[in-house]
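Per-entry structural report
The primary structure of each chain is shown beneath.
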Amino acid sequence: MAQDTPAILVTDLRKVYGDKPAVDGLNLRVPRGCFYGFLGPNGAGKTTTIKMLMGLAAPTSGAIEILGRRLPEGELEIKSRIGLVPDETLLFEHLTGPEFIEFAGRMYGIARPVARERARELMDLFELEGAKGKLIGEYSKGMRKRVAMAASLIHRPDLFLMDEPFEGVDAVGARLMKDILLDQVRQGATVFLTSHVLEVVERLCERVAIIQQGRIVVEGSMSELRSGEETLEDIFVRVVGAGRFSESLDWL
Amino acid sequence: MTERAWAIVWAQWRALRNMSPRSGLAGLFVTAVGTVLWYGTWTVVALAVAALVRETVDGEKLRGLLGPALLLAFLYWQVIPVMMVSAGASLQMRRLRVYPIPRGELFTLEVLLRVTTAAEMVIVLAGASIGLFLNPKFSGLNAVAFFPFILFNLYLSTGIRDLLTRLLNRRKAREIGVLIVVLVAAIPQVLLMRYDLGNWKGIGAKLPHLAWPWTVTSSLITGEWNALNAGAMVCWVAVAYLFGRWQFERGLRFDEEAARASAGKQRDGGNWLDRLYRLPSAALPDPLGTMVEKELRSLMRSPRFRIAFFMGFSFGLLIWLPAAFGKRGGSGWIETNFLVILFSYSLLLLSEVSIWNVLGFDRSAAQVYWLAPVRLWQMLVSKNIAIALFFVLEMAIITVVCALLGLAVTLKAVWESSLVCLLMMVFLMAVGNLSSVYAPRGVDGNQTWKRGSAGRFQAMLLLIYPLLLLPFVFAYWARQVWESDRVFYGLIAATAVVAVVLYGLALEKAAQAAGERREGILTALARGDGPVAA
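Nothing here was measured: the structure is a model prediction, and the numbers come from that model.

The helix and strand inventory of chain B stands at 23 helices and two strands. Counting across all 534 residues of chain B, residues that qualify as buried make up 41%.

It is worth spelling out the overall build of chain A at this point. Helix and strand counts for chain A come out as nine helices and 10 strands. The C-alpha radius of gyration of chain A comes to 19 Å, within 12% of the 18 Å expected for a compact globule of 252 residues. Looking at chain A residue by residue over its 252 residues, the buried ones come to 48%. Within chain A, contacts between residues separated by at least 24 positions form 68% of all contacts whose residues are at least 6 apart in sequence.

Let's shift gears to the sheet that holds strand 9 (residues 207–212) of chain A. All names here are of chain A. Sheet architecture is open: six strands sit in the order 6-7-8-3-9-10, paired in mixed fashion. Each edge of the open sheet carries a strand with a single partner, namely strand 6 (82–85) and strand 10 (215–221). Each neighbouring strand pair of the sheet contributes to a mean axis angle of 15 degrees, computed without reference to strand direction. In the sheet, strand 3 (residues 35–39) pairs with strand 9 via four bridges, with the strands oriented parallel. Paired with Tyr 36 across the bridge in strand 9 is Arg 207. Of the strands in this sheet, strand 3, strand 6, strand 7 (159–163), strand 8 (190–194) and strand 9 are in contact with helix 1 (residues 46–54), which crosses strand 7 at around 145 degrees.

It is worth spelling out the nonpolar core at this point. Ranked by internal contacts, the top residues of the largest apolar core, which has 89 residues, are Phe 100, Ile 101, Val 147, Leu 161 and Phe 192 of chain A. Among the elements that make up this core, the one with the highest residue count is helix 5 (residues 141–153) of chain A (seven residues). For Ile 101 of chain A, the residues in contact, after removing those within four places along its chain, are Ala 119, Leu 122, Met 123, Val 147, Ala 150, Ala 151 and Ile 154 of chain A. One finds Val 340, Ile 387, Phe 391 and Met 395 of chain B within the second-largest nonpolar core, a separate group that totals 62 residues.

Attention shifts here to the pairing of strand 10 of chain A. Working note: regular strand, side chains alternate between the two faces of the sheet. Residues and elements named next belong to chain A. For strand 9 and strand 10, the ladder comprises six bridges, and the chain directions are antiparallel. Residue pairing across strands places Ile 210 opposite Val 218, the latter belonging to strand 10. Linkage of strand 9 to strand 10, two consecutive antiparallel strands, is achieved through a turn of two residues, within which Gln 213 is found at a positive phi near 50 degrees.

All names here are of chain A. In the contact formed by helix 3 (residues 97–107) and helix 5, the axes pass within 8 Å of each other and the chain directions differ by 30 degrees. Here helix 3 lies roughly parallel to helix 5, going by the angle between them. Crossing handedness for the pair helix 3 and helix 5: right-handed. Within the contact between the two elements, helix 3 uses Gly 97, Phe 100, Ile 101 and Ala 104 and helix 5 uses Val 147, Ala 150 and Ala 151. In terms of residue class, the contact of helix 3 with helix 5 is made up of six nonpolar, one polar and no charged.

An α-helical segment advances 3.6 residues per turn. Residues three or four places apart therefore align on the same side. Residues and elements named next belong to chain A. When helix 9 (residues 232–240) is considered as a whole, its buried residues turn out to be Leu 232, Ile 235 and Phe 236. For helix 9, the arc enclosing every buried residue in end-on projection is 100 degrees, short of the 170-degree limit, so these residues lie on one face. Summarising the geometry of helix 9, the exposed residues directed more than 90 degrees from the buried face are Glu 233 and Arg 238. Looking one or two places after helix 9, you find Gly 241, whose phi comes out positive at around 95 degrees.

This next bit is on unusual backbone geometry. The step from Leu 71 of chain A to Pro 72 of chain A runs through a cis peptide bond, and the omega angle for that step is 5 degrees. Here Pro 72 of chain A is to be found in the loop between strand 5 (69–71) and helix 2 (75–81). Even without being a glycine, Leu 67 of chain A presents a positive backbone phi close to 50 degrees. You can see Leu 67 of chain A is positioned in the loop between strand 4 (61–66) and strand 5. A positive phi angle, close to 50 degrees, is found at Glu 483 of chain B, a residue other than glycine. For Glu 483 of chain B, the position within the fold is in the loop between helix 21 (454–482) and helix 22 (485–516). Of the residues examined, Glu 483 of chain B has 9 C-beta atoms within 10 Å and is grouped as exposed.

A few words on the interface of chain A and chain B. Listed by partner, the interface residues are 27 residues for chain A and 29 residues for chain B. When contributions to the side of chain A that touches chain B are tallied by element, the ones reaching two or more residues are helix 2 and helix 3 of chain A. If one sorts the elements of the side of chain A that touches chain B by residue count, helix 3 of chain A sits on top with four residues. Among the residues making up the side of chain A that touches chain B, the classes are represented as 15 nonpolar, seven polar and five charged.

This next bit is on the environment of Leu 71 of chain A. Residues and elements named next belong to chain A. Examined against the element boundaries, Leu 71 turns out to sit in strand 5. For the pair Leu 71 and Leu 53, spaced 18 residues apart in sequence, the C-alpha separation works out to 8.4 Å. Apart from residues no more than four positions distant in its own chain, Leu 71 is found in contact with Gly 55, Ile 64, Ile 66 and Ile 78.

On to helix 5 of chain A. Residues and elements named next belong to chain A. With 13 residues, helix 5 should reach 18 Å at 1.5 Å per residue; the first-to-last C-alpha distance of 19 Å fits that figure. For helix 5, the buried fraction is high: 11 of the 13 residues fall into the buried class. Taken together, the buried positions of helix 5 are Met 143, Arg 144, Lys 145, Arg 146, Val 147, Ala 148, Met 149, Ala 150, Ala 151, Ser 152 and Leu 153. Residues of helix 5 that are buried make contact with strand 6, helix 3, helix 4 (112–125), strand 7 and helix 6 (171–186).

On to the sheet that holds strand 1 (residues 8–17) of chain A, then. All names here are of chain A. The strand order 2-1-4-5 describes an open sheet built from four strands, whose pairing is antiparallel. Each edge of the open sheet carries a strand with a single partner, namely strand 2 (20–30) and strand 5. Across the sheet, the axes of successive neighbouring strands diverge by a mean angle of 25 degrees, strand direction being ignored. As paired strands, strand 1 and strand 4 are joined by five bridges and run antiparallel to one another. Counted as the bridge partner of Arg 14 is Ser 61 from strand 4.

All names here are of chain B. Where helix 19 (residues 376–404) meets helix 22, the axes come as close as 8 Å, and the angle between the chain directions of the two elements is 120 degrees. Comparing their axes, helix 22 and helix 19 come out oblique. For the pair helix 19 and helix 22, the sense of crossing is right-handed. Between helix 19 and helix 22, the residues in contact are Leu 376, Trp 377 and Leu 380 and Leu 507, Ala 510, Ala 511, Ala 514 and Gly 515, respectively.

Residues and elements named next belong to chain A. Note that Arg 70 resides in strand 5. For the pair formed by Arg 70 and Val 10, sequence separation is 60 residues and the distance between their alpha carbons is 9.9 Å. Non-local contacts of Arg 70, meaning those with residues more than four positions away in its chain, are made with Ala 63 and Glu 65.

Of all residues in chain B, 76% attain a pLDDT of 70 or more, and the chain-wide mean is 79. Contacts from residues 451–457 of chain B, a stretch scored under 50 in pLDDT, to residues over four places away or in other chains number 24 contacts.

Rules of the game
Residues numbered from 1 in each chain as written. Chains lettered and ligands numbered in written order. Predicted model: local features only at pLDDT ≥ 70, side-chain atom pairs only at ≥ 80, totals over all residues. Helix = DSSP H or I, 4+ residues; strand = E, 2+ residues; numbered from the N terminus. Buried ≥ 20, exposed ≤ 12 C-beta atoms within 10 Å, placed from the backbone. Rg over C-alpha atoms; globule rule 2.2 N^0.38 Å. Contact = placed C-beta atoms within 7 Å. Pairing = 2+ DSSP bridges. Axes fitted to C-alpha atoms, helices over the stretch in contact; angles between N-to-C directions. Core = buried A, V, L, I, M, F, W, Y, C linked by C-beta atoms within 7 Å. Parallel < 35°, antiparallel > 145°, perpendicular 65-115°, else oblique. Left-handed = near helix turned anticlockwise from the far one by under 90°. Nonpolar A, V, L, I, M, F, W, Y, C, P; charged D, E, K, R; others polar. Arc of directions from axis to C-beta. Expected span 1.5 Å × (residues − 1). pLDDT = per-residue confidence, 0-100.

Pasting the structure below:
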């Protein structure tokens, strides 16, 4: 597969729910080996987009190409080369952390003994060794994110698709996860993530896109976007439009 | 099976094993007794079938027996899941779709899981096979003909399940779809009731002599291995496979969110339904009023609940109507008390979704009841009031429909049936409040199908319902024997006292347990399933 093709290439992507477009003519090009931030206010279409990239939702129209292969034709090959940190509802809560990671590994075609060994190592790497016997249903939100990320690494993917990976994760866990992701990018992997934590995106991402009402309103490298004194938060608020605090609620 | 398929099986086994110690001994005991009773009963049926097949040496007679019996097995496999709004165990496609698993493997696994829809029929067919092996006239090897029959049912069941799942997820099409499906599913029942059941073996003779899967299988079993029969069975299996695979593929591409949104409309709160929701708040003090209102709103918006409610006065009527009309215009117990049966069936469906596990639809949001300044008995009572209101509405709809159909609906019958069924409901709520806090389970309100098998559900009913129905059966029996309404109403009054006392005691115990077990309850409600939802 040609390495000069982008990791993600999205053309005129649309997803319509009823008569309301959740994603409306989205165009996106994510270069390989890039740490890419995908931002937007609530309901802007971030999760719908990432679900379409993950193959969990079919686009109404438009084209998606991942790692040089088109969806849905190259679905199996694409899936075997991406690591997912979806929202936590995709975890199996009656399995323990190591069991889930081993299961994920075997789903990617890794032999059972190898998957088991890697699961043990990943539990240690993500500092979850103390929770080995606990069910995922009993994990805290941050621990669930850690175990999801551990499972996404087990088959050494070329592309990571992550929906709010740092949500609910404590500072130590977030640092750990960031370091691991940066290391993966240094090794040539691509990370595509959505996050509401703008400071994290600002520090990690080389390129950023901001989506609003299903369309990209800003896209560029961090250095292009941060002209002058503006932080990413300032840019985000300016582009998206800040909600005004209502002073009319006398009782508040 | 491939490595991935084994991994799914392994993960499901681990999930079940992990879950068991957390269910508690009482839960395990009830499940075990229920399962043993239910499948034990079917094993006895299978042994009886084995004895019958062993003794029948006349080929024509054996075909006459097996044809209708296999037709019943087919109906059980395909109709009972619809009747119980229960699809059996199935793969958690939403969670497995993210992995690179070939679709063929997923299809094979899903087909195998369809055994759980009617494991009872597999037991009975195993019995028939044993009987055939012991039969001195026919070769036991002919039992191999049951295999394509089972395969046909598995493929067809997979297709029907996927078709219904998609249909039921479309907001506008859902209720209409259910009505069409139940109409189709009820046709065999109506046809069967029209025949004299005392001569049920004759049904096969009365049906057109076509190469149906059951008639072909019965011919093969008796040794008629010719090209026509074999070809017909191959065709049936192929058609069922193509239908199952086609529906399965469509199911994989199906977008639930898009379907739900396809007929979505804004809830602005200004319509007539909204004013109805607000009625309890006008009659009851807060927080009880607001909690009942919340229950009414959320239950009506839950597809799972709506289907159960809808089935009560659609499918319930269809399956019991032939009995209510009577085969030869008789005036037996069923003909004169059909309203009690119709009301009880609707109560059975409602109880499964909203009495046995009152916190199920709330899932993690149930923690609000422990955080807000409300008493836990108020929470349980509010849920009971909401479901009682729905049940009264359901009984009213059934009554109106019956009256429109020209059935003998008298005021006395309506009053008596309502009274009896409301008392049944009080008993169910007493037990249900306890089971809700001792064995809570998170339920997906958007999941139209019940994921557990119909057999398990019936196993639980097998234990609890006879006990709860005993006083009512006794009251009807007493009226029959003494031919006195006074005796009947006296016994019903006594039952009412017991029901109210039992409800009060159970409510107190349940509220206390809810306070003590809050952590366990919330953890259980927040939990999901393994790779296979069972």
